[in-house]
Amino acid sequence: MATAVVLGGGVTGLSAAYYLGKLQASPFSKVILLEASSHLGGWIKSIRHEDGAVFEMGPRSMRPVFNSGNNALELVEELGLQDKVLSVTREHAAVKNKFIYVDGKLLTLPTPRDIFRSRPPLNQTLASLLYNEWRTKSIPVEDETAHDFISRRFGTQAAKYLADAMCQGVFAGKSTLLSARSCFPDVFKAEQEHGSVIKGMMKNSKKRRAAIKSHLGLLAKRERWAMWSLLGGLQTLTDSIESHFQETETVTVQCNEPCLKLEFLNGKAKLETTSFSIEADHVFSALPAKDIARILPGNESNLSNILRKVPYSTVGLVHLEYEGDPVKTKGFGYLVPSCEKSRVMGVTFDSCCFPQLDRRDGKFSRFTFLVC
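Quick caveat: nothing in here was measured; it's all calculated off a predicted structure.

Caption draft 1: Region of the structure containing the overall build of the protein. Of the regular secondary structure elements, the protein holds 14 helices and 17 strands. Here the protein has a C-alpha radius of gyration of 22 Å; the compact-globule value for 372 residues is 21 Å, and the two agree. In terms of principal-axis extent, the alpha carbons of the protein reach across some 65 × 55 × 40 Å. Across the 372 residues that make up the protein, the buried fraction comes to 44%. In the protein, once contacts between residues fewer than 6 apart in sequence are set aside, the share between residues at least 24 apart is 66%. Accessible surface computed for the protein: about 20000 Å², of which carbon and sulfur atoms make up 53%. A distance of 8 Å separates the average location of the 47 positive side-chain charges in the protein from that of its 39 negative side-chain charges.

Caption draft 2: A positive patch on the surface, seen in detail. The grouping of Arg63, Arg90, Lys98, Lys206, Arg209 and Lys221 at the surface amounts to a positive patch. As for its position among the elements, Lys221 is in helix α10 (residues 215–223). You can call Lys221 partly exposed: its relative accessible area is 47%.

Caption draft 3: The nonpolar core, seen in detail. Of all hydrophobic cores here, the largest spans 30 residues; its most connected members are Val31, Trp228 and Leu237. If you list the elements that add at least two residues to this core, you get β1 (2–7), α1 (11–21), β2 (28–34), α2 (66–78), α10, β8 (225–230) and α11 (235–245). Those residues in contact with Trp228, other than ones at most four positions away along the chain, are Ser61, Met62, Arg63, Pro64, Ala72, Leu73, Val76, Val85, Leu86, Ser87, Leu234 and Phe354. Counting 18 residues, the second-largest nonpolar core is a separate cluster that includes Val54, Val336, Cys353 and Phe354.

Caption draft 4: Representation of the pairing of strand β17 (residues 364–371) in the model. For β17, the tally of buried residues reaches six of eight residues, placing the bulk of the element in the interior. Note that strand β14 (residues 316–323) and β17 share eight bridges and pair antiparallel. Looking at β17, one finds that His319 is bridged to Thr368. Inspection of the sheet shows strand β16 (residues 344–348) paired to β17 by four bridges, in the antiparallel sense. Pairing of Val344 across the sheet is with Val371, part of β17.

Caption draft 5: Local environment of the sheet that holds β1. The strand order across the open sheet formed by four strands is β9-β2-β1-β13, and the pairing between neighbours is parallel. With partners counted over all chains shown, the strands left at the sheet margins are β9 (251–254) and β13 (282–285), one partner each. Within the sheet, the average angular offset between the axes of one strand and its neighbour, ignoring direction, is 20°. Bridging between β1 and β2 involves six bridges; their strand directions are parallel. Within β2, the position partnered with Ala2 by the bridge is Phe28. Against the sheet, α1 makes contact with β1, β2, β9 and β13, and its axis sits at roughly 170° relative to β2, the strand it touches most.

Caption draft 6: Region of the structure containing helix α5 (residues 146–154). With seven of nine residues buried, α5 lies mostly within the body of the structure. Of the residues one or two after α5, Gly155 is the one with positive phi, at around 105°.

Caption draft 7: Inspection of the packing of α1 against α2 at higher detail. Between α1 and α2, the least distance of the axes is 13 Å, while the angle of their chain directions is 65°. The crossing of α1 and α2 is left-handed. Contacts from Ser15, Tyr18 and Tyr19 of α1 reach α2 at Asn71, Leu75 and Glu78. Per-class residue counts for the contact of α1 with α2 are three nonpolar, two polar and one charged.

Caption draft 8: Examining the pairing of β16 more closely. Most of β16 sits out of view: four of its five residues are buried. Pairing of strand β15 (residues 333–335) with β16, which is carried by three bridges, proceeds in the antiparallel orientation. Counted as the bridge partner of Leu335 is Gly346 from β16.

Definitions and limits used
Residues numbered from 1 in each chain as written. Predicted model: local features only at pLDDT ≥ 70, side-chain atom pairs only at ≥ 80, totals over all residues. Heavy atoms only, no water. Helix = DSSP H or I, 4+ residues; strand = E, 2+ residues; numbered from the N terminus. Rg over C-alpha atoms; globule rule 2.2 N^0.38 Å. Buried < 20%, exposed > 50% of the residue type's maximum accessible area, 1.4 Å probe, protein only. Contact = heavy atoms within 4.5 Å. Areas by Shrake-Rupley, 256 points an atom, 1.4 Å probe, with all protein chains shown as cover. Lys, Arg positive; Asp, Glu negative; His and termini not counted. Charge placed at Lys NZ, Arg CZ, Asp CG, Glu CD. Patch = residues over 30% accessible without salt bridge, like charges linked within 9 Å, V, L, I, M, F, W, Y side chains within 5 Å. Salt bridge = Lys/Arg side-chain N within 4 Å of Asp/Glu carboxyl O. Core = buried A, V, L, I, M, F, W, Y, C linked by side-chain atoms within 4.5 Å. Pairing = 2+ DSSP bridges. Axes fitted to C-alpha atoms, helices over the stretch in contact; angles between N-to-C directions. Left-handed = near helix turned anticlockwise from the far one by under 90°. Nonpolar A, V, L, I, M, F, W, Y, C, P; charged D, E, K, R; others polar.

Without other data, these values stay purely geometric and don't point to any function.
If you want it as structure tokens, here you go:
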């Protein structure tokens with residue numbers, strides 16, 4: 001039987017080890033996960049205070065859409081976390097009211113409920129935006145920037161204000177530098193395969209519904225969830241995966257054991273950590289590009305050089321908690337497009353989205369600032 005090694009204990013590495021360990025008729029008798037730090041979960045980290053308040057140091061919610069969203073809910077169900085799910089439906093204020101900061105003002109983003117109403121900064125109706133996308137001819141491309149893709153399909157204003165603000169808030173990067181195929185894979189694929197984003201999404205909707213396998217996924221579809229989190233924060237998910245590993249003999253987790261060297265010899269992989277060496281049949285990397293570049297063997301210098309050129313952003317999170325509720329209009333929060341030249345890329349009104357993660361006395365409100 002074969003041995004598999006997973007590099008990196010973030011949510012990607014944890015998920016990889018989880019599914020490798022539960023494969024039916026698995027070729028792997030042993031799965032070893034190596035994590036350089038003492039923390040499992042990567043960017044998912046929930047700071048839990050004794051008064052009940054939870055502050056997320058990374059992602060704060062997930063969306064139940066596309067294959068990734070369906071898979072996440074199926075994993076939650078397999079781990080028995082259904083009773084800990086905090087769902088937010090499409091009728092919630094956090095979904096209906098999303099803002100963008102432009103020229104010193106908070107502007108409400110268009111929603112399907114006001115499809116025939118023109119709002120700044122787009123200054124055109126959502127109906128005309130969608131109609132023009134439907135009529136715009138597709139251009140076969142292998143990839144392009146998110147800015148170019150949205151400009152081509154929805155116009156320059158949508159690219160400048162909507163797509164760029166989203167890229168800032170989700171990826172902490174500019175839309176003019178990020179890959180459309182990587183950042184918006186399902187949307188990009190819909191246009192390339194069906195000639196239009198709208199046409200492709202409509203045609204693929206039945207396939208997406210058929211792909212839902214879990215009861216939780218069907219519930220999310222029926223109740224029209226827009227996003228969800230968990231009691232205790234999203235780290236509840238990664239903590240549960242870690243607990244699952246403690247109950248299985250297949251997966252072994254080694255924390256504080258960074259991989260220092262990786263070699264390939266005679267059809268095997270040899271890995272060295274700070275404490276020991278491992279010989280593996282397969283290696284699955286969930287490391288950042290710069291980290292995998294550092295451990296590759298010398299004969300992979302071309303690949304290492306390419307990986308080292310992948311740029312990264314440095315982002316700071318500032319959590320604030322106010323007594324009472326200082327926000328007059330309930331909503332998800334606001335994003336800031338890069339044209340505003342602001343150090344703040346976005347602000348989330350955490351207590352509006354998930355009041356269950358506030359202090360137990362309910363007298364305080366939580367906010368998170370994303371700062372570059």
